[in-house]
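In case you want the letters, here they are:
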Amino acid sequence: MFTSLDQHMRFSTELLVFDVLLILTILTIWLFRTRQIRCMHETGGAMLYGLILGLTLKYTGSQWNHEAGDVHGCESLNHTSPHLAANTTVDHDRHKHVGMMAFAPEVFFNLFLPPIIFQGAYSLNQRHFFQNSGSVLTFAFLGTVISSAVVGASMYGFVKLMVLLGQARDGDFLLTDCLFFGALISATDPVTVLAIFTELRVDSNLYILLFGESVLNDAVAIVLTYAISTYSQSGGHHSFSASAFFLSIGHFIAVFIGSVFIGFSFTIITALLTKFTRLSDFPLLETGLFFLLSWSAFLSAEACGMTGIVAVLFCGITQARYTFHNLSAEARTRTKQLFEFLNFLGENFIFCYMGLALFTFQINDFKGIFILGAFLSIFLARACNIYPLSFLLNLGRREKIPLNIQHMMMFSGLRGAVAFALAVRDTCTIARRTILSTTLLLVLFTVWVLGGGTCPMLAWLDIRVGVDPDEDKVGQASHQTAGEGTPAYAANTADTQTPASHTPGVWYNLDKIYVRPALTHSGPPLTSTLPSWCAPLGKLLTSPQAYENVERLNDVGAGCSSVKLDNAGEDGRATEGDAEMVTEPAHQDDLLEGDLGLGHSADPVWKE
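Residues numbered from 1 in each chain as written. Predicted model: local features only at pLDDT ≥ 70, side-chain atom pairs only at ≥ 80, totals over all residues. Heavy atoms only, no water.

## Structural notes on the confidence of the model for the protein chain
On average, residues of the protein chain score 75 in pLDDT, and 73% of them reach the 70 mark or higher. Throughout residues 474-503 the model reports pLDDT below 50, and contacts reaching past four residues in sequence, or to other chains, amount to 37 contacts. (pLDDT = per-residue confidence, 0-100. Contact = heavy atoms within 4.5 Å.)

## Digging into the side chain of Asn-343
Structurally, the position occupied by Asn-343 is in helix 12 (residues 329-360). What Asn-343 contacts, discounting residues up to four positions off in sequence, is Pro-115, Ile-116 and Gln-119. (Helix = DSSP H or I, 4+ residues; strand = E, 2+ residues; numbered from the N terminus.)

## Side note on the packing of helix 2 (residues 42-60) against helix 16 (residues 430-452)
Running from N to C, helix 2 and helix 16 point in directions that differ by 130°, and their axes come no closer than 9 Å. Here helix 16 runs oblique to helix 2, going by the angle between their axes. Considering only the axes of helix 2 and helix 16, their crossing is left-handed. Residues Thr-43, Gly-44, Met-47, Leu-48 and Leu-51 of helix 2 lie in contact with helix 16, whose contacting residues are Leu-440, Val-443, Leu-444, Val-447 and Trp-448. (Axes fitted to C-alpha atoms, helices over the stretch in contact; angles between N-to-C directions. Parallel < 35°, antiparallel > 145°, perpendicular 65-115°, else oblique. Left-handed = near helix turned anticlockwise from the far one by under 90°.)

## What to know about unusual backbone geometry
The backbone of Asp-462 sits at a positive phi, close to 60°, despite the residue not being glycine. Relative to the helices and strands, Asp-462 resides in the loop between helix 17 (454-460) and helix 18 (469-483).

## With respect to the environment of Thr-542
The topology assignment puts Thr-542 in the loop between helix 22 (535-541) and helix 23 (544-567). For Thr-542, a relative accessible area of 8% gives the class buried. (Buried < 20%, exposed > 50% of the residue type's maximum accessible area, 1.4 Å probe, protein only.)

## Considering the packing of aromatic side chains
Considering all chains together, one arrives at 20 aromatic pairs under this definition. For the ring pair Phe-264 and Tyr-322, a centre distance of 6.4 Å and an interplane angle of 65° mean the geometry is edge-to-face. Here Phe-264 is found in helix 9 (residues 242-276), whereas its partner Tyr-322 is found in the loop between helix 11 (308-321) and helix 12, with 58 residues between them in sequence. Under the relative-accessibility criterion, Tyr-322 is labelled buried at 2%. Clustering of aromatic rings is evident, with ring pairs tying together Phe-118, Tyr-122, Phe-290, Phe-291, Trp-295 and Phe-339. In this arrangement the basic side chain of Arg-332 is found over the ring face of Phe-324, its NZ or CZ atom lying 4.7 Å from the centre. Across the ring face of Phe-180, the terminal group of Arg-432 is positioned such that the distance to the ring centre comes to 4.0 Å. (Phe/Tyr/Trp six-rings, centres within 6.5 Å; stacked < 30°, edge-to-face > 60°. Lys NZ or Arg CZ within 6 Å of the ring centre and 35° of its normal.)

Shown next as C-alpha cells:
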C-alpha cells in the first residue's frame, strides 16, 4: 500500500531521473557544438536518452507496489460494495512498468506546449514573414488541410487492408480515426532542421517558408482535430454526413476566429498596461506580467472551449509587434531569454519523454500495416502539399521558389511535440492507441533520419549557406528587378521599405494610423487622426510620450532640412550622406528589435 511518503519519494525519483537525462542532453549538446557535429540535434539526443532509460526500465526495473484492496471483476460483481477498487491495468503481467514515469497528458498540453508555440511566434522575423506572408499562409493553411486529407484517405485504405488480412476487426478503426491521425500528424515540427539552418545561415527564403509554416500549421492541425472530433460526435463515422460536415466546418471557423480574438485581446490588455503604467521602472515585475498575461491567453481559450495553441500563437505575434515597443530595454531582453529557455527545456523534456514512452507505455499497440501505411502516407501527403502549391505560388511570385528549395521543404517535414501531445490525450480505443504508437515511431524516424540528413541534403541540393538575410534580400531584389528592365536603384528603394509595405494597403494604413498609436507610443497621436467625435477616445489612448515623440521628430526634421539646404548641390538635391542623417534617428528605437530577430516593424515617419 502506498503511503504519502512513498508517493512523494516515487515522484521525486521520477523527476530526478528526468533531471539527469536533461543534464546529459545539455552536455551532449555542448560536445556536439564544440566539435561541430550536426548528425544529431539536441532533441534527437534527448529522445535517445529516453529510449535508453525506457529499455532499462522495461527489462531490468521492478514494478511499483500497488495499493492493496479488493478487486472485483465486473462480470462477477453481484452486489454493491461500500468501497470499490477498480483494477484499470491492461494486461498487467505482460506490462510490468505501467505505473512508472507516467505524466498526465494535460501537463504537456498546458505547461510545456504554450511556451514552445509562443517562442516561435514571438521570435518570428516579421519583416521576412510579411514579405513572404502569402506563401507562408498558403503552406500553413491550405497545405495542412491537403496533408490531413491525403493521410486520412490513405490510412483508411490501409485500415481496410488490415481488416482483410485479419490484423484488425471491422469497426476498430473508423473513418474519423483516420482523419484524426491525418490532422495530428500534419503538424510539422522541424526543430532539428531549423537549428541547423540557423547555424549555417541558409537561404533566407527557405528558412522563413519552413519556419513560418511550422509555426502556423501547429495551430491549424489542432483546430482540425477539434473539427474532426465535432464531426464524429455529430454522426459522421464510416460514411460521409453532409450535416456533420458543415457543422464541423462551422466549428472550425468559430474556434479559429474565437481563439484569435482571445489571443489579440490579451495583447491589447498587456500593451495598454505597459503603455500607461510605470512598470518599466521595475523590469522584473514588467517581465512577470508579460509572461503571465501571455500564458493567460492560452488558458482562457482552453477554458472557453477554444484552442489555446491558436490563441497563444497570435498573442505571440501581436505581442512582438505592439507590446514589445512599450517594454523597457531590460524587459525586452529578459522576455526573449525567458521564452527561449522555456522553449529549450520544454522541447527537450517532451522528446525525452517520447523516447521513454516508446518502451514503457502499456497503451502502445504496434500494427505493422498501419505503421507502414503511415510512413508512406506522410511522404505522399508532403509531396501533394509542397509541389502543387509551389507551382501555383510561382505563378504569382516575383521571386520564384526554385526546385531545390521545394525538395528541401519536402525533406524537412519532421514531426514532433504537437503531434505527440495530440495523440497522447486520447488513448481510450484500439485505434487511438495504435495512433499514439505510430506517432512515436514517426517522430523518432523523422528526427533521427531526416534531421540527421539535413547537412548532406543541403550540399546535394546546392542550397546557399552563410547568407546574411538582410543583405541577401536587397541583393536578390536588385538583381532580379534590374533583370526585368527596372533600374537597380528602384529595386533597392522598394526592398528597404518596412515590412508593412508588403502587406495589404488597407490593413497597413489601419495599423499605422490607428492600431499602433493606440497600443504603443509610436505613430501619429490619435487626437490628430481620429474623427472629431472620437476626440475623447483619442485623448484617452494617446500617451504623453507620443506628443514628445512628435516634437522630437519635428525638431530632428527641421535640423536635417537645414543641413540638406546647406549641403545641397547646384541642382538643389541633397547628398547621400544627408539622407543617412535623416533616417538614422528614426531607427534608433528599432536597434534592439533587430537584435532580437523580430525585424524592423516600427515606422516612426508619418504624414498628417
